[in-house]
Amino acid sequence: MTAPQATASFYRPADLGEALRDLAAHPEAVPVAGGTDLMVAVNYRHTRPAAMLDLTRIAELRAWSDEGAAIRIGSGVTYARICAELATVLPGLAAAARTVGSPQIRNRGTLGGNLATASPAGDGHPPLLATGATIEIASAAGRRTVPIADFFTGPKRSVLEPGELITAVIVPKALGPQQFLKVGTRNAMVIAVCSLAVALDLDARRLGTGIGSAGPTPLTAPDADRIELPWARPDLFNDALAEEFGRRVAAAARPIDDVRGTAAYRRHALAVCAARALRRVWTAAHGTEAGR
Ligand SMILES: Cc1cc2nc3c(=O)[nH]c(=O)nc-3n(C[C@H](O)[C@H](O)[C@H](O)COP(=O)(O)OP(=O)(O)OC[C@H]3O[C@@H](n4cnc5c(N)ncnc54)[C@H](O)[C@@H]3O)c2cc1C
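What counts and how
Residues numbered from 1 in each chain as written. Predicted model: local features only at pLDDT ≥ 70, side-chain atom pairs only at ≥ 80, totals over all residues. Heavy atoms only, no water. Helix = DSSP H or I, 4+ residues; strand = E, 2+ residues; numbered from the N terminus. Rg over C-alpha atoms; globule rule 2.2 N^0.38 Å. Buried < 20%, exposed > 50% of the residue type's maximum accessible area, 1.4 Å probe, protein only. Contact = heavy atoms within 4.5 Å. Arc of directions from axis to C-beta. Axes fitted to C-alpha atoms, helices over the stretch in contact; angles between N-to-C directions. Parallel < 35°, antiparallel > 145°, perpendicular 65-115°, else oblique. Left-handed = near helix turned anticlockwise from the far one by under 90°. Polar contact = N/O pair within 3.5 Å; in protein donor to acceptor, adjacent residues only side chain to side chain. Domains from an automatic or database assignment. Near = heavy atom within 4 Å. Areas by Shrake-Rupley, 256 points an atom, 1.4 Å probe, with all protein chains shown as cover. Phe/Tyr/Trp six-rings, centres within 6.5 Å; stacked < 30°, edge-to-face > 60°.

Asker: Before we go on, may I ask you to explain the overall build of the protein in this structure?
Answerer: Of regular secondary structure, the protein possesses twelve helices and 14 strands. Taken over the C-alpha trace, the protein has a radius of gyration of 20 Å; the compact-globule value for 292 residues is 19 Å, and the two agree within 12%. Judged by the C-alpha coordinates and their principal axes, the protein covers about 70 × 45 × 30 Å. Per-residue burial for the protein yields a buried fraction of 50% across its 292 residues. If you take every contact in the protein between residues at least 6 apart in sequence, the share linking residues at least 24 apart comes to 60%.

The following block contains the structure:
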């Protein structure tokens, strides 16, 4: 005879303070936002939380606000809302959000859940890396912020400690064109074979890059970002520059062979995507023919 299973406790805090107190008092409680990662794991019996902490009633986590130079996105804001409400100010993140799952997943899934899962293939991550976003974290002991580039520590691992919640993501507003490109085995409902975000900052004359699904964590490509672009003479932009950028992005990747693709294919696809993305942002910014 199987022993009866203990009933899991389910906490439903009404605000952030209560959530953090609940988490401190019940460290076994697993936060749940949209449930689109967690409940899949529960259904497959990969995990069986003794207790759950429902974040969906916490208004602060479901809100975003305009902070001047940046948008503060509550961790519980869904992809559907990012697409509908933030596409003008955060075009790269909105483009990535549009590729996530299906309408049902985009209606439930949150940016905070994507970050906490910390999958190297998470589509929210490359645009956050390309724009230098900051993650806001809170526990009963206080708040801290972590630059996105320092947030991921390994496959499905991050700096998030027990007792901590992601409260928000601070994303600088776009100061130029942005792109997100995702390679998959079909057009929708697909985990990225690799993905790439590029953000052009026309004020600082700077390029930012984020790579997904091509390393143990989402990655930046600092050497690619340092490529010398013809800011003073935009018409001098050419294919050789775009291809050099592609090579540098591919070199920054640390892909493996797995069921979704080989390391060699991922590097090749990233080089193509990167050259394409750079041409597109340059064309959008300067309208030169070189950026086909
Ligand atoms: C059919 C399907 C298709 C999908 N397609 C994609 C896709 O195309 N691209 C993609 O990137 N992902 C995809 N996903 C994965 C998933 O939808 C996303 O990762 C989503 O962002 C998870 O958010 P959530 O709110 O549902 O997280 P949940 O499932 O609620 O939580 C996920 C993890 O994060 C923790 N957590 C949640 N919120 C917080 C918080 N505020 N602070 C601390 N920890 C927290 C939970 O404890 C859990 O460990 C797909 C999933 C499914 C089922």
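From this point, the discussion proceeds with the structure in view.
Asker: So what exactly am I meant to see when it comes to helix α4 (residues 79-86) here?
Answerer: Since there are 3.6 residues in each turn of an α-helix, residues three or four apart along the chain are aligned in direction. What α4 keeps buried is the set Y79, I82, C83 and L86. Down the axis of α4, the buried side of the element spans an arc of 120 degrees, and every buried residue falls inside it. Where α4 is buried, its residues meet β4 (64-66), β5 (70-74), α5 (91-98), α6 (103-108) and α7 (111-117).

Asker: Sorry if this is basic, but what is going on with the packing of α4 against α5 here?
Answerer: Running from amino to carboxyl end, α4 crosses α5 at an angle of 135 degrees, the nearest separation of the two axes being 8 Å. Classified by the interaxial angle, the pair formed by α4 and α5 is oblique. Every pair of crossing elements has a handedness; the one defined by α4 and α5 is left-handed. Together, Y79, I82, C83 and L86 of α4 and P91, L93, A94, A97 and R98 of α5 make up the contact between the two elements.

Asker: Is there a simple way to explain α5 in this structure?
Answerer: With six of eight residues buried, α5 lies mostly within the body of the structure. If you check which residues of α5 are buried, you get G92, L93, A94, A95, A96 and A97. Among the structural elements, β5, α4, α6, α7, α8 (125-131) and β11 (178-183) are those in contact with the buried residues of α5.

Asker: Explanation requested: the environment of F152 in the structure shown.
Answerer: Relative to the elements of secondary structure, F152 occurs in strand β8 (residues 152-154). Note: C-alpha distance between F152 and V193 (41 residues apart in sequence) is 19 Å. Leaving out residues up to four positions away in the same chain, F152 has contacts with L115, A118, H125, R157, S158, T217 and P218.

Asker: It is not clear to me how the side chain of D54 should be interpreted in this structure. Could you clarify?
Answerer: Here D54 is to be found in strand β3 (residues 51-54). Among the polar contacts listed, one links the side chain of D54 to the side chain of R12, at a separation of 2.9 Å. For D54, the side chain forms a polar contact with the side chain of T56, separated by 2.8 Å. Those residues in contact with D54 that lie beyond four places of it in its chain are F10, Y11, R12, P13 and V32.

Asker: Looking at this structure, how should I read the domain arrangement of the protein?
Answerer: By a widely used convention, the size of an interface equals the accessible area lost when the partners come together. Per the domain assignment, the segments of the protein are domain 1 (9-54), domain 2 (59-172) and domain 3 (178-291). The distance between the C-alpha centroids of domain 1 and domain 3 comes to 36 Å.

Asker: What exactly am I supposed to notice about the site of the ligand here?
Answerer: Close contacts around the ligand come from 31 residues, with P31, T36, D37, Y79 and T110 the closest. In this structure, S75 approaches the ligand through a side-chain N or O atom, which is 3.3 Å from a nitrogen atom. Contact between the ligand and I166: a nitrogen atom at 2.8 Å from a main-chain N or O atom of the residue. Contact with the protein chains hides 86% of the accessible area of the ligand, taken as 980 Å² for the molecule alone. Put simply, the parts of the chain that give the shell around the ligand at least two residues each are β2 (29-32), α2 (38-43), α7 and β10 (165-172). Sort the elements by how many residues they give to the shell around the ligand and α7 lands first, with four residues.

Asker: For this particular structure, what's the right way to read the packing of aromatic side chains?
Answerer: Scanning the entire structure with this criterion turns up three aromatic pairs. Considering the side-chain rings of F237 and W282, the 5.3 Å spacing of their centres and the 15 degrees angle between planes classify their relative orientation as stacked. Remark: W282 occurs in helix α12 (residues 263-286) and F237 occurs in the loop between α10 (222-225) and α11 (239-252); sequence separation between them is 45 residues. Judged by relative accessible area, which is 0%, W282 ranks as buried. Chaining the aromatic ring pairs together yields one cluster made of W231, F237 and W282.

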